Amino acid sequence: MKNLFLLLSFLFSASLFSQQLYWYDVILEVNGEDTVQFEEAVDNYYSSVDFPADVTMTFSSIPLKGKGYEETHILSFVSPSSQSLANLRASLTGEDWENYVEVVRPYIDGFRASAGNALLVYKPEEFHGIGQVWGFKVSSKNLPAFANAFTKLMETYDSPGFVGLAQVTHGISDGENILIYGTYPDLNSAFTFGPKNEQEAQAFAEFFEVTDQVSDFIQSWTRVKINDYN
């Protein structure tokens, strides 16, 4: 009960002091020889979808990933409104949707879906086309310590783009339930990610010291935007 109280207290305070975002990801493994046809089919379909004004979908490839990560593409739906996101997901039905599924199904070797919400958001206006995900497994009793360490880091670190701390509420894989997501304006920024001065180096060191004690790092992967839809 104490752990549940700590978690609820943290989630309540986070909702007061951050911009809430809800997300729904579809992550797919596509046959290499079918990549061009698959990307054209996805673009043709979602270019015709009538998105709610407050929902955006980003279609990306996943060129950088660790061993054992087989997925190659991601469709990421984001909105500040959980209802709008749910409405869009529910609207993906009918003849056009069925025709789209029939076209892309032969190109796909596997897929999975996950959903959640961003608890802490920084630089939301700088959501760039290259994004990196770090996945962690964090118990409910350690979530406040992890989030506090992240908040302290972001008080010092000048990120090159959007950064968010998110919880996975549906579709947890390998135990990862907390994600840190950051974006970069170009590949050079991605390649040179990290502290740029002594203060930032100290902030990262303190973050790693805390999070090494309260979490397990699961994996990291990087996506590159193909197109946005809204």
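Residues numbered from 1 in each chain as written. Predicted model: local features only at pLDDT ≥ 70, side-chain atom pairs only at ≥ 80, totals over all residues. Heavy atoms only, no water.

Asker: Can you help me understand the side chain of D25 in this one?
Answerer: Structurally, the position occupied by D25 is in strand β1 (residues 21-30). At 7.7 Å, R112 is the nearest oppositely charged side chain to D25, a buried residue that forms no salt bridge. A polar atom in the side chain of D25 sits 2.7 Å from the side chain of S76. The contact partners of D25, leaving out residues within four places of it in the chain, are I74, L75, S76, F77, R112, A113 and S114. (Helix = DSSP H or I, 4+ residues; strand = E, 2+ residues; numbered from the N terminus. Buried < 20%, exposed > 50% of the residue type's maximum accessible area, 1.4 Å probe, protein only. Lys, Arg positive; Asp, Glu negative; His and termini not counted. Salt bridge = Lys/Arg side-chain N within 4 Å of Asp/Glu carboxyl O. Polar contact = N/O pair within 3.5 Å; in protein donor to acceptor, adjacent residues only side chain to side chain. Contact = heavy atoms within 4.5 Å.)

Asker: Please clarify how the sheet that holds strand β3 (residues 73-79) should be interpreted in this entry.
Answerer: Think of a sheet as strands paired side by side through backbone hydrogen bonds, with each pair either parallel or antiparallel. Read around the closed barrel, eight strands run β1-β3-β2-β8-β5-β7-β6-β4, paired in antiparallel fashion. The average undirected angle you get between the axes of adjacent strands in this sheet is 35°. Bridge count between strand β4 (residues 108-122) and strand β6 (residues 163-170): seven bridges; the pairing is antiparallel. The partner of V121 across the bridge, within β6, is G164. (Pairing = 2+ DSSP bridges. Axes fitted to C-alpha atoms, helices over the stretch in contact; angles between N-to-C directions.)

Asker: So what exactly am I meant to see when it comes to the pairing of strand β5 (residues 130-138) here?
Answerer: Side-chain positions along a regular strand alternate between the two faces of the sheet. Burial of β5 is extensive: eight of the nine residues sit out of reach of the surface. As defined by bridge partners, β5 adjoins strand β7 (residues 178-184) across seven bridges and the pair is classed as antiparallel. Bridging across to β7, W134 finds its partner in I180. Inspection of the sheet shows β5 paired to strand β8 (residues 215-229) by nine bridges, in the antiparallel sense. Residue pairing across strands places G131 opposite R223, the latter belonging to β8.

Asker: Teacher, can you tell me more about the pattern of salt bridges here?
Answerer: On inspection of all chains with the given rule, the structure shows five salt bridges. A salt bridge links R112 to E71; its shortest N-O distance comes to 3.2 Å. Pair noted here: R112 is in strand β4 and E71 is in the loop between β2 (56-65) and β3, with a separation of 41 residues, a long-range link. Residue classification places E71 among the buried residues on the basis of a relative accessible area of 15%.

Asker: Can you walk me through a nonpolar patch on the surface in this structure?
Answerer: On the surface, L64, L187 and F191 cluster together to form a nonpolar patch covering roughly 320 Å² of accessible area. The topology assignment puts L64 in strand β2. (Patch = residues over 30% accessible without salt bridge, like charges linked within 9 Å, V, L, I, M, F, W, Y side chains within 5 Å. Areas by Shrake-Rupley, 256 points an atom, 1.4 Å probe, with all protein chains shown as cover.)

Asker: Would you explain unusual backbone geometry in this entry?
Answerer: The general pattern is negative phi for most residues beyond glycine and trans for most peptide bonds. Of note in this structure, K123 is not a glycine but carries a positive phi near 50°. Tracing the sequence through the fold places K123 in the loop between β4 and β5.

Asker: Before we go on, may I ask you to explain the packing of helix α5 (residues 143-154) against helix α7 (residues 198-214) in this structure?
Answerer: Describing two packed helices takes the angle between their axes plus the distance from one axis to the other. At a minimum axis distance of 9 Å, the contact between α5 and α7 shows a crossing angle of 170°. As judged from the angle between their axes, α5 and α7 are roughly antiparallel. Here α5 contributes A145, F146, A149, F150, K152 and L153 to the contact with α7, which in turn contributes A203, F204, E206, F207, V210, T211 and V214. (Parallel < 35°, antiparallel > 145°, perpendicular 65-115°, else oblique.)

Asker: Could you clarify how one ought to interpret the packing of helix α2 (residues 35-46) against helix α4 (residues 94-104) in this entry?
Answerer: At a closest axis distance of 10 Å, the pairing of α2 and α4 adopts a crossing angle of 170°. As far as their axial angle goes, α4 and α2 are roughly antiparallel. Residues F38, A41, V42, Y45 and Y46 of α2 pack against D96, W97, Y100, V103 and V104 of α4. When the residues that make up the contact of α2 with α4 are grouped by side-chain class, the tally is nine nonpolar, no polar and one charged. (Nonpolar A, V, L, I, M, F, W, Y, C, P; charged D, E, K, R; others polar.)

Asker: What am I meant to see in the packing of aromatic side chains here?
Answerer: Any two aromatic rings considered together are summarised by their centre-to-centre distance and by the angle between their planes. Taken as a whole, this structure holds 25 aromatic pairs when the rule is applied. Judged by centre distance (4.9 Å) and plane angle (85°), the rings of Y45 and Y46 are edge-to-face. Neither residue differs from the other here; Y45 and Y46 are each classed as buried. Taken together, a centroid distance of 6.3 Å and an interplanar angle of 55° make the contact between Y46 and Y229 tilted. Here Y46, found in helix α2, pairs with Y229, found in strand β8; they are 183 residues apart in sequence, far enough to count as distant. By the burial criterion, Y46 is buried, and Y229 matches it. Following the ring pairs from residue to residue traces out a cluster consisting of W134, F136, F146, Y157, Y184, F193, F204, F207, F208 and F217. (Phe/Tyr/Trp six-rings, centres within 6.5 Å; stacked < 30°, edge-to-face > 60°.)

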